[in-house]
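Structural overview
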Amino acid sequence: MRFSESRNTTRWVIILISFSIITLILWNTYTFFQIFKNEQRLKMNLWANAQKKIINSDEDTDLDLPLEIINNNTSVPVMLVMYDKIINSVNVPEHIINDKKESISFLNTLKSENDPIIIEYAPGKFQQMYYGNSALLNKLKYYPVALLLIIFLCGALIYNFYKSTKMATQNKLWAGMAKETAHQIGTPLSSLIGWVEILKTEEIDQSITIEIQKDVERLQTITDRFSKIGSVPVLEPHDIVNETLNTYEYLQSRFSKQVSFSYQVPEKLIFTLINPTLHSWTIENLVKNAIDAMKGKGSLELAIEQDSHHVKINVKDSGSGISKKQFKTIFEPGFTTKKRGWGLGLSLTKRIVEEYHNGNIKVLHSEIGKGTTFQISYKIVDPL
């Protein structure tokens, strides 16, 4: 407990330090931007004074320095306005100068970027000098945005790495628990198998012994399922129709007669690469999920169909249905609409189908109050 609290404290300290560093960088960037902008205004004041000097010059005026100041401005756009008319412009594109509407629009842009500098070239006579930001200043203006974007991407990368690591740890934990469960079940199961063999020699109704043996075999299957979690299963060509019906019919015999089971399957063999134990678990999860959705009463239909490359298994129920926004979240670990349950059935089913069998599972159709159809798709293979 203390170790967990220490880890949380360290995490928050790192987050606070990172936030402080980011804030400091952004503040320094903003400060530098303002200093640079103030220096640019000082330069533009010099430019305005040089312009005034040129306007008021006579034959004896030395214009070398004013002209040098004027000519050194190669990046800051400038517009001189007198009596609301543009009388001169510097560093403004030619197509803007030649178009009156674009000139006015550009002038309004300059007005929004900086306050004008007033040039009193004669007593009572004024010109307004509007100037914009230089290309360097404009780039510097977007630097904080770029910095925030980089920080956001780095944060997203770290979060994704953390989430992936956490999921990998959880997967190892679930796999370890599954294998340990299989190991724990194995001991009493071996004893049960022995007792079944003894019962066969006794003078009791053999139909009872056969049913007990079926359930023991079912326990063996469940143990085999759990032992395969976390390991790469062996996939071999099997008739998907026969493997699916075996599980479906077994479940039919174990559920209430209030659930009407039906199926439509091809009469021919269809081979796919599957692990029979895990495939049986997939069908069982879908059937149990459907019966839960129907609250133990309704109709359940299994249909198997194929196209040129895939075989598709549809499990349709007459349950409560699910909304479209839940079509993807329903497969996430922990998602459940039931009061009891861990929400792992469909998540585990998706993992078995897509990660172990390279297949696909999805909600084919669902309508609130009318039912849901799940579809599993596998590639058809040549059995030879």
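Residues numbered from 1 in each chain as written. Predicted model: local features only at pLDDT ≥ 70, side-chain atom pairs only at ≥ 80, totals over all residues. Heavy atoms only, no water.

Attention shifts here to unusual backbone geometry. One non-glycine residue, tyrosine 83, adopts positive backbone phi at about 55°. Relative to the helices and strands, tyrosine 83 resides in the loop between strand S1 (78-82) and strand S2 (85-90). Of note, the phi angle at lysine 295 is positive, near 55°, even though the residue is not glycine. Within the element layout of this structure, lysine 295 appears in the loop between helix H9 (276-293) and strand S8 (298-306). Looking at lysine 295, the relative accessible area reads 78%, which means it is exposed. (Helix = DSSP H or I, 4+ residues; strand = E, 2+ residues; numbered from the N terminus. Buried < 20%, exposed > 50% of the residue type's maximum accessible area, 1.4 Å probe, protein only.)

Before going further, it helps to examine the packing of aromatic side chains. One pass over the full model with this rule turns up three aromatic pairs. With centroids separated by 5.4 Å and ring planes inclined at 65°, the aromatic side chains of tyrosine 248 and phenylalanine 261 adopt a geometry described as edge-to-face. With tyrosine 248 in helix H8 (residues 240-254) and phenylalanine 261 in strand S6 (residues 259-264), this pair connects stretches of sequence that are 13 residues apart. Of the two residues, tyrosine 248 and phenylalanine 261, both sit in the buried class. Their ring planes at 85° and their centres at 6.1 Å tell us that phenylalanine 331 and phenylalanine 374 sit as a pair that is edge-to-face. Taken together, the residues phenylalanine 331 in the loop between strand S9 (310-317) and helix H10 (345-356) and phenylalanine 374 in strand S11 (residues 371-379) connect sequence positions 43 residues apart. Across the pair, exposure class does not vary: phenylalanine 331 and phenylalanine 374 are buried alike. Among the aromatic side chains, those forming a connected cluster through ring pairs are Tyr248, Phe261 and Tyr263. One cation-aromatic arrangement involves lysine 111 over tyrosine 130; the distance from NZ or CZ to the ring centre is 5.3 Å. The cationic tip of lysine 350 hangs over the ring face of phenylalanine 331; the distance from NZ or CZ to the ring centre is 5.2 Å. (Phe/Tyr/Trp six-rings, centres within 6.5 Å; stacked < 30°, edge-to-face > 60°. Lys NZ or Arg CZ within 6 Å of the ring centre and 35° of its normal.)

We now examine the sheet that holds S2. With antiparallel pairing, the four strands of this open sheet are ordered in space as S2-S1-S4-S3. Each edge of the sheet is formed by a strand with only one pairing partner; in this case those strands are S2 and strand S3 (117-122). Between one strand and the next, the sheet's axes are offset by a mean angle of 25°, whatever the strand orientation. Where S1 and strand S4 (residues 125-131) come together, four bridges link them in antiparallel fashion. Within S4, the position partnered with leucine 80 by the bridge is methionine 129. Relative to the sheet, helix H4 (residues 100-113) contacts S1, S2 and S4, its axis offset from that of S1 by approximately 100°. (Pairing = 2+ DSSP bridges. Axes fitted to C-alpha atoms, helices over the stretch in contact; angles between N-to-C directions. Contact = heavy atoms within 4.5 Å.)

This part covers H9. Along an α-helix, residues three or four apart share an orientation, since each turn contains 3.6 residues. For H9, with 18 residues, the first-to-last C-alpha span of 26 Å sits near the 26 Å given by 1.5 Å per residue. Positive phi shows up at lysine 295, right after H9, with a value of about 55°. (Expected span 1.5 Å × (residues − 1).)

Our next topic: the pattern of salt bridges. Following the criterion strictly, the structure yields five salt bridges and no others. One salt bridge connects lysine 288 with glutamate 284, and the closest N-O pair in it is separated by 2.7 Å. Taken together, the residues span about one helical turn, with lysine 288 and glutamate 284 both in helix H9 at a distance of four residues. Take lysine 288: its relative accessible area is 36%, and that puts it in the partly exposed class. (Salt bridge = Lys/Arg side-chain N within 4 Å of Asp/Glu carboxyl O.)

With respect to the helices and strands, serine 260 occurs in strand S6. By relative accessible area, serine 260 is classed as partly exposed at 41%. Counting along the chain gives 57 residues from serine 260 to aspartate 317, while the straight-line C-alpha distance between them is 9.8 Å. Ignoring anything within four residues of it in the chain, the contact list for serine 260 reads Gly298, Ser299 and Leu300.

A pair of packed helices can be characterised by two numbers: the angle between their axes and the separation between those axes. Running from N to C, H8 and H9 point in directions that differ by 50°, and their axes come no closer than 9 Å. In terms of orientation, H8 lies oblique with respect to H9. As H8 packs across H9, the resulting crossing turns out to be right-handed. Between H8 and H9, the contacting residues are Ile240, Glu243, Thr244, Thr247, Tyr248 and Leu251 on the first element and Pro276, His279, Ser280, Ile283, Glu284 and Val287 on the second. (Parallel < 35°, antiparallel > 145°, perpendicular 65-115°, else oblique. Left-handed = near helix turned anticlockwise from the far one by under 90°.)

The subject of this paragraph is the nonpolar core. Formed by 33 residues in total, the largest nonpolar core has its most connected members in Ile240, Val287, Leu300, Ile313, Ile376 and Tyr378. Those elements giving two or more residues to this core turn out to be H8, S6, H9, S8, S9, H10, strand S10 (360-367) and S11. Ignoring anything within four residues of it in the chain, the contact list for isoleucine 240 reads Ile270, Thr272, Ile274, His279, Ile304, Val311, Ile313 and Tyr378. Formed by 13 residues, the second largest nonpolar core is a distinct cluster that contains Met44, Trp47, Ile117 and Tyr131. (Core = buried A, V, L, I, M, F, W, Y, C linked by side-chain atoms within 4.5 Å.)

Read these as layout, nothing more, since geometry by itself doesn't imply function.
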